[in-house]
Amino acid sequence: MKICCIGAGYVGGPTMAMIAHKCEDHTVTVVDINEARIDAWNSVELPVYEPGLDEIVQANRGKNLFFSTDVDSAIREADMIFMSVNTPTKTYGVGAGRAADLRYIEKCARKIAEVCEGDKIVVEKSTLPVRTAESIKRILESNAEGRKFQILSNPEFLAEGTAIQDLQNPDRVLIGGDQTPEGKAAIQILVDVYAAWVPEERILTTNLWSSELSKLTANAFLAQRISSINAISALCEATEANVDEVAHAIGTDSRIGPKFLKSSVGFGGSCFQKDILNLVYLCEHFGLPDVAAYWNSVIEMNDYQKHRFARKVVSTLFNTVSDKKIAVLGFAFKKDTNDTRESAAIYICKDLLEEQANLSIYDPKVPEAQMLRDLELGEKDDSITVCGDAYEATKDAHAVLVLTEWDEFKELDYKKIYDAMHLPAFLFDGRNVLDLEALREIGFEASGIGKG
Ligand code: NAD
Ligand code: UDX
């Protein structure tokens, strides 16, 4: 089978690399209108950093895995077309700030209708509002001219930083489609692709709408757990309880479970906020304002947590950070990724810049240009310095902030860092990854999240 994927991003690239890797009989072509991104996929420096991704791409690229800007040819030749384009929050018009911007998806559908010659299976890989398949179907069918289209929903559950692991060994693969004989046949074709490496009992099939809605629901539930534990972290700080101990105590209840209970500076990433906003918008659209308000509170709590952290830094540093050097360790939204989309670090840095702090930032994978874009600063802005390592960033600093849980931050020589800092030397562990007692023995005024 020939497979085409429109969109060579964080999802399209790794997902298609895994399909090509596991299904040597299929030819997979990933296309994108962004030429620089395609060039990078064809180079030694891939545009996405994910542990294990380089090896898989290198093993298959040029054999049964191709990256190209020739969108039309790839669509025309394919039997199955994945749509893995971005679906950001709309920034204009009706639903601005909440609804999903579906213009890229609609462009894909129109492009497929325009260029393809035979029957096609079109797969929604992007995260979409429930009932989007209906619009895609209408666009394709009104331009069908005898061609037949089957639309499937196959949302992606990979998390960044562990994408290859998640793709290799998914908890489940979800495939939704029409419950007609033709729809079921299309579902089976996609089931067979995944069955090359995923046990069949982990491949779930549903109707289209359940599949579309399950993706938004999964992200809302995951984010809700983080907001819940972060809400408790504020109470811990007021009462001398320890949020890690509380999380462990509740997580051992098998009905609650231990995962996704790590208190932090707030969740980031390209998905949680956008998908919950989308869910909130959908609930309002369907006349369910109470349901919308319930899910919106997950975002409100996350905003509270980010600002609360920045406020705590300022108040601890004697209510002023003006002209003080604050070292920021970690800028990515989580470890093992170069992605900064919606990273809590952006919001915290902006709050501190507003207070006229001088920031020296180090992240092992995020380039300086990306940080400047995220902080909306020009190249020559002297309020931030981007450093090549943690020791340079923390030298002469008044405070150290750990904002991403990179493993290397646990291995640093904190005595060396302390000796090069202004006293009192403050350290704020926004990820609860450091040994605060050991830091205090060195002399740091160290605090974590949710530790009274
Ligand atoms: P991304 O921005 O990294 O990549 C999307 C790519 O699509 C871009 O390179 C863009 O140039 C390309 N594109 C847009 N319109 C196009 C068109 N008309 N023709 C060809 N290419 C086009 O986005 P992503 O992070 O890969 O996310 C893609 C989708 O997957 C989103 O709906 C997202 O919600 C969902 N998702 C993302 C993750 C994640 O961890 N990033 C996980 C699960 C699901
Ligand atoms: C998420 C979903 O996990 C994934 O299934 C979906 O496909 C895409 O969205 P991702 O955003 O890549 O994946 O990473 P995830 O591991 O979910 O982390 C999201 C954010 O929550 C990060 O900022 C992370 O640091 C934070 N987080 C996660 C916590 O603060 N505490 C936790 O316990 C878990």
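The model shown is predicted, which means the values in this text are computed figures rather than measured ones.

Caption draft 1: Highlighting the domain arrangement of the protein. Its domain assignment divides the protein into domain 1 (2–198) and domain 2 (240–452). Of note, the centres of domain 1 and domain 2, computed from C-alpha atoms alone, are 33 Å apart. Listed by partner, the interface residues are 20 residues for domain 1 and 18 residues for domain 2. Across the interface of domain 1 and domain 2, roughly 1600 Å² is buried in total on both sides, 52% from carbon and sulfur atoms. Looking only at domain 1, the three residues that lose the most surface to domain 2 are Tyr49, Arg98 and Glu160, adding up to 43% of its buried area. In this assembly, domain 1 and domain 2 are joined by 2 salt bridges. Close ionic contact of arginine 341 with glutamate 160 constitutes a salt bridge, the shortest N to O distance being 3.5 Å. In terms of residue class, the side of domain 1 that touches domain 2 is made up of 12 nonpolar, 6 polar and 2 charged.

Caption draft 2: Structural detail: the nonpolar core. If you look at the biggest cluster of nonpolar residues, it comprises 56 residues, and the most contacted ones within it are Leu352, Leu359, Leu401 and Phe444. Examining the composition of this core, we find that 7 residues originate from one element, helix α13 (residues 344–354), more than from any other. If sequence neighbours within four positions are ignored, leucine 352 has contacts with Ala310, Val313, Val314, Val321, Ile326, Ala357, Leu359 and Leu401.

Caption draft 3: Main features of the site of ligand 2. Taken together, 20 residues form the shell around ligand 2, and within it Phe157, Leu158, Glu160, Ser264 and Arg431 come nearest. At a separation of 3.4 Å, an oxygen atom of ligand 2 approaches a polar backbone atom of leucine 261. Backbone polar atom of glycine 268 to an oxygen atom of ligand 2: 2.9 Å apart, as the coordinates give it. Protein contacts shield 90% of the accessible area of ligand 2, which totals 650 Å² for the unbound molecule. The element contributing the most residues to the shell around ligand 2 is helix α9 (residues 208–239), with 4 residues. A breakdown of the residues in the shell around ligand 2 according to their chemical character gives 11 nonpolar, 3 polar and 6 charged. Both domain 1 (2–198) and domain 2 (240–452) contribute no fewer than three residues apiece to the shell around ligand 2.

Caption draft 4: Layout of the pattern of salt bridges. One pass over the structure, following the stated rule, counts 25 salt bridges. The residue aspartate 275 makes a salt bridge to lysine 274 at a minimum N-O spacing of 2.9 Å. The exposure classification of aspartate 275 matches that of lysine 274, with both residues buried. Arginine 440 is paired through a salt bridge with glutamate 437; the nearest N and O atoms lie 3.0 Å apart. Within this pair, arginine 440 and its partner glutamate 437 are both found in helix α17 (residues 436–442), separated by 3 residues, close to a single helical turn. Judged by its relative accessible area of 38%, arginine 440 is partly exposed. For glutamate 437, a relative accessible area of 49% translates into the label partly exposed. Each of Asp72, Lys111 and Glu114 takes part in one network of salt bridges that share partners.

Caption draft 5: Spotlight on the packing of helix α11 (residues 272–285) against helix α12 (residues 289–316). Contact geometry of α11 with α12 gives a least axis separation of 8 Å together with a crossing angle of 150°. Classified by the interaxial angle, the pair formed by α11 and α12 is roughly antiparallel. Handedness of the crossing formed by α11 with α12: left-handed. Residues Gln273, Ile276, Leu277, Leu279, Val280, Cys283 and Glu284 of α11 form the contact with α12, whose participating residues are Val291, Ala292, Trp295, Asn296, Val298, Ile299, Asp303 and Lys306.

Caption draft 6: Geometry of α12. The terminal C-alpha atoms of α12, which comprises 28 residues, lie 39 Å apart, in line with the 40 Å expected from a rise of 1.5 Å per residue. For α12, the full list of buried residues reads Ala292, Trp295, Val298, Ile299, Asn302, Gln305, Lys306, Arg308, Phe309, Ala310, Val313 and Val314. Against the buried residues of α12 lie α9, α11, α13, β12 (399–402) and β13 (426–429). Backbone geometry just downstream of α12 places phenylalanine 318 in the positive-phi region, at approximately 60°.

Caption draft 7: Local environment of helix α10 (residues 243–251). Among the residues making up α10, those that are buried are Val243, Ala247 and Gly251. All buried residues of α10 lie within an arc of 65° about the axis, which places them on one face of the element. Away from its buried face by more than 90 degrees, α10 exposes Glu245 and His248. For α10, the secondary structure elements touched by its buried residues are α9. Between the side-chain oxygen of the N-cap and the backbone nitrogen of aspartate 244 there are 2.8 Å, and the N-cap of α10 in question is asparagine 242.

Caption draft 8: Here's a closer look at the packing of aromatic side chains. Applying the stated criterion to the full structure yields 12 aromatic pairs. Ring centres of tyrosine 194 and tryptophan 197 lie 5.6 Å apart, and the angle between their planes is 50°; on these two criteria the pair is classed as tilted. Taking the relative accessible area as the measure of exposure, tyrosine 194 reaches 4% and is therefore buried. Seen in terms of ring centroids, phenylalanine 260 and phenylalanine 272 are 6.3 Å apart; in terms of plane orientation they differ by 65°. Their pairing is edge-to-face. Note that phenylalanine 260 is positioned in the loop between α10 and α11 and phenylalanine 272 in helix α11, a separation of 12 residues in sequence. Residue phenylalanine 260 is classed as partly exposed on the basis of its relative accessible area of 39%. Chaining the aromatic ring pairs together yields one cluster made of Phe309, Phe318, Phe426 and Phe428.

What counts, and at which threshold
Residues numbered from 1 in each chain as written. Chains lettered and ligands numbered in written order. Predicted model: local features only at pLDDT ≥ 70, side-chain atom pairs only at ≥ 80, totals over all residues. Heavy atoms only, no water. Domains from an automatic or database assignment. Contact = heavy atoms within 4.5 Å. Buried area = accessible area lost by both parts, 1.4 Å probe. Salt bridge = Lys/Arg side-chain N within 4 Å of Asp/Glu carboxyl O. Nonpolar A, V, L, I, M, F, W, Y, C, P; charged D, E, K, R; others polar. Core = buried A, V, L, I, M, F, W, Y, C linked by side-chain atoms within 4.5 Å. Buried < 20%, exposed > 50% of the residue type's maximum accessible area, 1.4 Å probe, protein only. Helix = DSSP H or I, 4+ residues; strand = E, 2+ residues; numbered from the N terminus. Near = heavy atom within 4 Å. Polar contact = N/O pair within 3.5 Å; in protein donor to acceptor, adjacent residues only side chain to side chain. Areas by Shrake-Rupley, 256 points an atom, 1.4 Å probe, with all protein chains shown as cover. Axes fitted to C-alpha atoms, helices over the stretch in contact; angles between N-to-C directions. Parallel < 35°, antiparallel > 145°, perpendicular 65-115°, else oblique. Left-handed = near helix turned anticlockwise from the far one by under 90°. Expected span 1.5 Å × (residues − 1). Arc of directions from axis to C-beta. Phe/Tyr/Trp six-rings, centres within 6.5 Å; stacked < 30°, edge-to-face > 60°.

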